[in-house]
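# Inside the fold
Residue-level listing of the chains:
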Amino acid sequence: MHVQLSAHDPRSVGPDLIAVAAGAPATELGAPERASADADPVATVYTDGPPLAVIAVGQGVEGLRTGAARAVRACRSSLGPASASGSGSGSGSGATVAWALDRSSPVPASEQVRALAEGAVLGAYDGRRWRGDGAPREGVRRFVICGAESAGLAAACARGALVARWCNTARELVDAPANLMSPAELARRAGQIPGLELELVEPAQAGLGALAAVGASGAAAPLLLVLRHRPPTAPAAPRLALIGKGVTFDSGGYFLKSKAEIVRQKADMAGGAAVISALGAIAELQLPLSVTGFVPACENMLGAAAIRPTDVITTAAGLTVEVINPDAEGRLILADSLWYARRDGATHLVDLATLTGGVPDALGDLHAGVFGTDVTWRDAVVDAGNAAGDLAWPLPLHERYQPWLESTVADLRNVAGKGLGFSVFAAAFLARFAGDGPWAHVDMLGPALLAEDRGDAFGPGASGYGVRLLIELASRLSSGSGG
């Protein structure tokens, strides 16, 4: 999709659909008052020219983001089955949507434009790309924000579209079926991103004992993907490391998951998808910051070489772990990756993982929970997510949680002997491997794969959670204002 700005009336740009916020902006374009009242969330007014979609727009940038996505979907629905290429590429034929900018809005014009551009590209995403009916069909090709008179708005428009396009990349990776999105395929896709260096680390050879042990359970060979953004303008410090859990399918191992849970486990690599996609955006933005991504990619299957309950494995850090629960494998592969990232020279760490059900039990599918031993860095991660639209909430981490992870036969066990506090004990386990310096853990199980439409820009399916958070965090750190 191409997102463009125009200073002209929306009717002059050759639209197939004109979209406008309900209320005074709709009335100015000739929509009857009843259309604004009937916009729940969209009311279509048919005229002699292109149809007018009157959109119920909520408050602030989130309301604009959602409104633009709804406008694109409304136009796509009128065209019939949509294009499967909705990643903002601008390729192929399709329709044009014109959005009438609301100059009376209290939201500054630059923020309006960025939110509208982001929402339009997010709304163009179509996860049904594995249909067997041939070539992609027409979708929305062009989204024109009309009444945008200032030349200074172009940068905001481009930034919004870029961020959403990489968010859609993560959504495609997560939505992909596990028989196609293997660790090797994830590595292949990462290697196609311009401007990044890719290194593939074989876990057993590198001494990553936990990743090797988990990955030995399935036929797909485990890998540690290392993606580097090293611009010549980057200072020696800070050096940011992004670690994303990349379990391309999680059966639960010998603690086999229930039917209701196992059908969602292709999304257990959503943290890894967010890291890969965020690094793509960081490279395209040419941020003057050293950023390295670490994605431990594997499957957690049930097989002859799978970890048995009470097996003891040796991690890369040298700590031994008694694996009480083979379905708590994410913290094992993250432990090796955190240690590897710190050894690589990272000064600031943040990991993202669909790790525990405790956070969505508390926060639902809207917020991720963020833990950290450095409160300043934890809050910087939370603030970056909330500013970018990936909502996050700080959660506590205290040294008194650590004794519950003690094992009678090894240095640690991978779960606590308590029937509550699953998320905080997982974070406490990871803290043992994060080393010295700022580290934050983002438990994103709730918002990563949406079971239903939340009424925002995404709809059901993968949300690309974490991409916007990481881009914003890296942008702030590169400018000296984050962490």
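The structure under discussion appears in the preceding block.
Quick look at the structure, then. (Residues numbered from 1 in each chain as written. Predicted model: local features only at pLDDT ≥ 70, side-chain atom pairs only at ≥ 80, totals over all residues. Heavy atoms only, no water.)

## A few points about the overall build of the protein chain
Quick note on the threshold: A run of H or I in DSSP becomes a helix once it reaches four residues, and a run of E becomes a strand once it reaches two; helices and strands are each numbered from the N terminus. Within these notes, the globule rule equals 2.2 Å times the number of residues to the 0.38 power, and the radius of gyration is based on C-alpha atoms. Note on exposure labels: buried denotes an accessible area under 20% of the residue type's maximum, exposed denotes more than 50%, and partly exposed covers the range between, all computed with a 1.4 Å probe on protein chains only. Here, residues are in contact when the closest pair of their heavy atoms is within 4.5 Å. Per-residue and other accessible areas follow the Shrake-Rupley method at a 1.4 Å probe size, with only the shown protein chains counted as cover for residues.
Each helix and strand counted, the protein chain has 16 helices and 20 strands in total. The C-alpha atoms of the protein chain give 23 Å as radius of gyration, which agrees with the globular expectation for 483 residues (23 Å, within 12%). Oriented by its inertia axes, the alpha-carbon framework of the protein chain measures out at about 80 × 45 × 40 Å. Each of the 483 residues in the protein chain was classed as buried or not, and the buried ones make up 58%. A sequence separation of at least 24 residues applies to 78% of the contacts in the protein chain between residues at least 6 apart. Element-wise, carbon and sulfur atoms account for 52% of the exposed surface of the protein chain, whose accessible area totals about 18500 Å².

## Considerations on unusual backbone geometry
The amide bond that connects Asp40 to the next residue, Pro41, takes the cis arrangement and shows omega of 0 degrees. Cis peptide bonds are those with omega within 30 degrees of zero, and the linkage from Ala237 to Pro238 qualifies with 0 degrees. Within the secondary structure layout, Pro238 lies in the loop between β8 (223–229) and β9 (239–244). The backbone phi angle of Gln286 is positive, close to 55 degrees, even though this residue is not glycine.

## Things to note about the sheet that holds strand β2 (residues 17–21)
Applied cut-off: Should DSSP find at least two bridges between two strands, the strands are taken to pair. What counts as an axis is a line fitted to C-alpha atoms, over the stretch in contact for a helix, and the angles between N-to-C directions run from 0 to 180 degrees.
The mixed open sheet is built from 6 strands, whose spatial order is β1-β6-β5-β2-β4-β3. Each having just a single partner strand, β1 (2–6) and β3 (42–45) make up the two edges of the open sheet. Neighbour to neighbour, the strand axes of the sheet diverge by 25 degrees on average, direction disregarded. In this structure, β2 lies alongside strand β4 (residues 52–55), joined through 4 bridges in parallel fashion. Bridging from a neighbouring strand, Ala21 pairs with Ile55 of β4.

## With respect to a nonpolar patch on the surface
For clarity, the threshold we go by: Patch members must show over 30% relative accessible area and no salt bridge, and they are joined within 9 Å when carrying like charges or within 5 Å when they are nonpolar side chains of Val, Leu, Ile, Met, Phe, Trp or Tyr. When a carboxyl oxygen of Asp or Glu is within 4 Å of a side-chain nitrogen of Lys or Arg, the pair counts as a salt bridge.
On the surface, a nonpolar cluster with roughly 400 Å² of combined accessible area is contributed by Tyr254, Phe255, Leu256 and Leu302. Leu302 gets classed as partly exposed once you look at its relative accessible area, which sits at 46%.

## What to know about the pattern of salt bridges
Applying the stated criterion across every chain, the model contains 23 salt bridges. Glu118 serves as the salt-bridge partner of Arg468, at 2.8 Å between the closest nitrogen and oxygen. Placement of Arg468 in helix α16 (residues 467–478) and of Glu118 in helix α4 (residues 109–123) is noted, with a sequence separation of 350 residues between them. You can call Arg468 buried: its relative accessible area is 4%. The exposure class assigned to Glu118 is buried, which follows from its relative accessible area of 3%. Residue Arg129 pairs with Glu172 through a salt bridge whose shortest N-O separation is 3.9 Å.

## Things to note about the layout of surface pockets
Once rolled over the atoms, a probe with the size of a water molecule shows which space is left empty. Convention followed: Site definitions follow a grid-based scheme: protein atoms alone, a 1 Å grid, a 1.4 Å probe that fits but cannot get out for cavities, and for pockets an open set with protein on both sides within 12 Å along at least five of seven lines, plus lining residues having an atom within 4 Å of a point. Grid points are joined across faces, edges and corners, and a volume is the space filled by probe spheres set on the points. Side-chain classes are defined by residue name, with Ala, Val, Leu, Ile, Met, Phe, Trp, Tyr, Cys and Pro counting as nonpolar, Asp, Glu, Lys and Arg as charged, and the others, Gly among them, as polar.
Each pocket or cavity is described by its volume, and for the largest pocket that value is around 940 Å³. Along the wall of the largest pocket there are 38 residues; nearest its centre are Lys257, Leu355, Thr356, Gly357 and Leu445. Each residue belonging to the lining of the largest pocket can be placed in one class, and the counts come to 16 nonpolar, 9 polar and 13 charged.

## Some thoughts on the sheet that holds strand β13 (residues 320–323)
With respect to topology, 3 strands assemble into an open sheet ordered β12-β13-β17, the strand pairing being mixed. A single partner strand is all that each edge strand has here, and the edge strands are β12 (311–314) and β17 (412–413). Summarising the sheet, β13 and β17 pair through 2 bridges and their orientation is parallel. From the neighbouring strand, Val321 faces β17, where its bridge partner is Leu412.

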